[in-house]
Amino acid sequence: MRALLTKIEQASGLDRVGDRLQRAVQATLRPQRVRDLLHGVWLGHPLHPAMVQVPVGAWISTAVLDLMPGQRRAATTLCAVGTVSALPAAVAGLNDWAALARDQRRVGLVHAASNSVGLAFYAGSVAARMTGRHNLGRTLGFLGLGAASMGAYIGGHLAYKQGAQVNQSISELHRMSDGWHSLADMATLPQRQLITREVDDVSVILYRHGDEVTVMLERCPHQSGPLGEGEVQEIDGHACVVCPWHGSAFRLNGGEVVHGPSGNDQQVLPTRIVDGVLETRLP
Ligand code: FES
């Protein structure tokens, strides 16, 4: 299975379909606030993995009820709940997928195809149960569970092996040593400009506004883009750094994500000034 997934990561033949679907998703899911809603910007956490809990839970419960006598009505209800709730979860997943790297999009395409097959089986299962053909509904339900389980397995590979929508910057903290680290002489630190510095080989950005200085990790939590090369923009009255790769925006006074595709905030580090020297440490 691992070898197969590695082959899928490298399967450039999937790109024709993937590129077309990516353009279609980007053209359809507009404006930005709809994309942000689906990325989970408001939640500070990717939304898709949270939303899939509903169909997965409902479908597994359906399978359990299908193995028990006298539970047809409850099984039909749960099967329908799972099938209907899978649709918004799929839309949120497509929205995240469209901003992934190419190798991740290939695996994501197979993940989506497998789940679509599962969804089609479950839609047929609901229709069969509601028209009194419960044995057929049960069979289609088990087939759907098989396809959706395969989709979930591939989704696990996408998240945990390929790091899709996982915070890409937070592990940088593990490479920083304890204690305060000197960063810059305040007298030489310009106002309202992004400055890049290193702390134990970990790249951080500095942004000074008056006597306040924000220090945050430089690697974008979405796909490791260099925030130090990004632009500073005023968004909703707050100075934000905009990632040069896919446009995620983070507040410079706290690191909250204000625009996706990142669904995660950016880590800000504590600061202090000692004898005119800016220092930072691990949170
Ligand atoms: S790397 Fe994708 S938005 Fe920063």
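What you are looking at is a predicted structure, and each value in this text was computed from that prediction instead of being measured. (Residues numbered from 1 in each chain as written. Predicted model: local features only at pLDDT ≥ 70, side-chain atom pairs only at ≥ 80, totals over all residues. Heavy atoms only, no water.)

Novice: Teacher, can you tell me more about the overall build of the protein here?
Specialist: Along the backbone of the protein there are eight helices and 11 strands. The burial tally for the protein puts 46% of its 283 residues in the buried class. Contacts spanning at least 24 positions in sequence make up 58% of the contacts within the protein whose residues lie at least 6 apart. Summed over its atoms, the accessible surface of the protein is roughly 14,200 Å², and 57% of this surface lies on carbon and sulfur atoms. The distance from the centre of the 25 positive side-chain charges to the centre of the 24 negative ones in the protein is 17 Å. (Helix = DSSP H or I, 4+ residues; strand = E, 2+ residues; numbered from the N terminus. Buried < 20%, exposed > 50% of the residue type's maximum accessible area, 1.4 Å probe, protein only. Contact = heavy atoms within 4.5 Å. Areas by Shrake-Rupley, 256 points an atom, 1.4 Å probe, with all protein chains shown as cover. Lys, Arg positive; Asp, Glu negative; His and termini not counted. Charge placed at Lys NZ, Arg CZ, Asp CG, Glu CD.)

Novice: Please clarify how the nonpolar core should be interpreted in this entry.
Specialist: It is characteristic of soluble globular proteins that their nonpolar side chains tend to be buried jointly. In terms of nonpolar packing, the biggest core is built from 17 residues, with Leu-183, Leu-189, Val-204, Leu-206, Val-215 and Leu-278 touching the most fellow members. When residues of this core are traced back to their parent elements, those giving at least two are strand E1 (181–185), strand E2 (194–199), strand E3 (202–209) and strand E4 (212–217). Here Leu-189 is in contact with Ala-184, Ile-195, Leu-206, Arg-208, Val-213 and Leu-278, once residues within four sequence places are set aside. By size, the runner-up hydrophobic cluster in this structure holds 14 residues, among which are Ile-8, Val-25, Val-107 and Leu-158. (Core = buried A, V, L, I, M, F, W, Y, C linked by side-chain atoms within 4.5 Å.)

Novice: Just checking my understanding: could you explain the state of the cysteines for this structure?
Specialist: A covalent bond between the sulfur atoms of two cysteines is what we call a disulfide. In this structure the tally under the stated criterion is zero disulfides. Free of any disulfide, Cys-240 has its nearest cysteine sulfur in Cys-220, 13 Å distant. Among the residues examined, Cys-240 registers a relative accessible area of 0% and is labelled buried. (Disulfide = S-S within 2.5 Å.)

Novice: Any chance you could explain the side chain of Ser-125 here in plain terms?
Specialist: Checked against the element boundaries, Ser-125 lands in helix H7 (residues 102–130). For Ser-125, a relative accessible area of 0% gives the class buried. Aside from chain neighbours lying at most four places away, what touches Ser-125 is Cys-79, Gly-137, Leu-140 and Gly-141.

Novice: What exactly am I supposed to notice about the pairing of strand E5 (residues 231–235) here?
Specialist: Regular strands place side chains that alternate from one sheet face to the opposite one. Note: E5 against strand E6 (residues 238–242), five bridges, orientation antiparallel. If you follow Glu-231 over to E6, its bridge partner there is Val-242. The hairpin formed by E5 and E6 contains two residues between the paired strands, and Asp-236 there has a positive phi angle of roughly 50°. (Pairing = 2+ DSSP bridges.)

Novice: Explanation requested: the environment of Arg-2 in the structure shown.
Specialist: Inspection of the secondary structure puts Arg-2 in helix H1 (residues 2–10). In sequence terms Arg-2 and Gln-193 are 191 residues apart; their C-alpha atoms lie 46 Å from each other.

Novice: Looking at this model, I keep getting lost on the sheet that holds E6. Mind explaining?
Specialist: Within a sheet, neighbouring strands are paired by backbone hydrogen bonds and run either parallel or antiparallel to one another. Read from one edge of the open sheet, four strands run E5-E6-E7-E8, paired in antiparallel fashion. Edge positions in the sheet fall to E5 and strand E8 (257–259), since each has one partner strand and no second. Across the sheet, the mean angle separating the axes of adjacent strands is 40° when strand polarity is ignored. Inspection of the sheet shows E6 paired to strand E7 (residues 249–251) by three bridges, in the antiparallel sense. Following the sheet pairing, Val-241 is matched in E7 by Phe-250. (Axes fitted to C-alpha atoms, helices over the stretch in contact; angles between N-to-C directions.)

Novice: Can you walk me through helix H2 (residues 15–28) in this structure?
Specialist: At 3.6 residues per turn, the α-helix brings residues three or four places apart onto the same side. Across its 14 residues, H2 extends 19 Å between first and last C-alpha, which sits within 8% of the 20 Å expected from 1.5 Å per residue. Elements that come into contact with the buried residues of H2 comprise helix H6 (72–97) and H7. (Expected span 1.5 Å × (residues − 1).)

Novice: Would you explain the environment of Ser-262 in this entry?
Specialist: Take Ser-262: it is sitting in the loop between E8 and strand E9 (268–269). Excluding its chain neighbours within four sequence positions, the residues that come into contact with Ser-262 are Val-41, Pro-221, His-222, Ser-248, Phe-250 and Val-257. Within the structure, Ser-262 has its side chain in polar contact with the backbone oxygen of Asn-264 (distance 2.8 Å). (Polar contact = N/O pair within 3.5 Å; in protein donor to acceptor, adjacent residues only side chain to side chain.)

Novice: Any chance you could explain the sheet that holds E3 here in plain terms?
Specialist: The strand order E2-E3-E4-E9 describes an open sheet built from four strands, whose pairing is antiparallel. Of all the strands in the sheet, the pair left with one neighbour each is E2 and E9. Here E4 pairs with E9 via two bridges, running antiparallel. What sits directly across from Val-215, in E9, is Leu-269.

Novice: Help me out: how do you make sense of the pairing of E6 in this one?
Specialist: With respect to burial, E6 is a largely interior element, four of its five residues being buried. Between E6 and E7, which pair antiparallel one after the other, the connecting turn spans six residues, and Gly-247 there sits at a positive phi close to 85°.

Novice: What exactly am I supposed to notice about the packing of H2 against H7 here?
Specialist: The relative placement of two packed helices comes down to the angle between their axes together with the axis-to-axis distance. Packing of H2 against H7 leaves a shortest axis separation of 10 Å and a crossing angle of 95°. Compared by their axis directions, H2 and H7 come out roughly perpendicular. Residues Asp-15, Val-17, Gly-18, Asp-19, Leu-21 and Gln-22 of H2 pack against Arg-102, Arg-105, Arg-106 and Leu-109 of H7. Looking at side-chain class alone, the contact of H2 with H7 contains three nonpolar, two polar and five charged residues. (Parallel < 35°, antiparallel > 145°, perpendicular 65-115°, else oblique. Nonpolar A, V, L, I, M, F, W, Y, C, P; charged D, E, K, R; others polar.)

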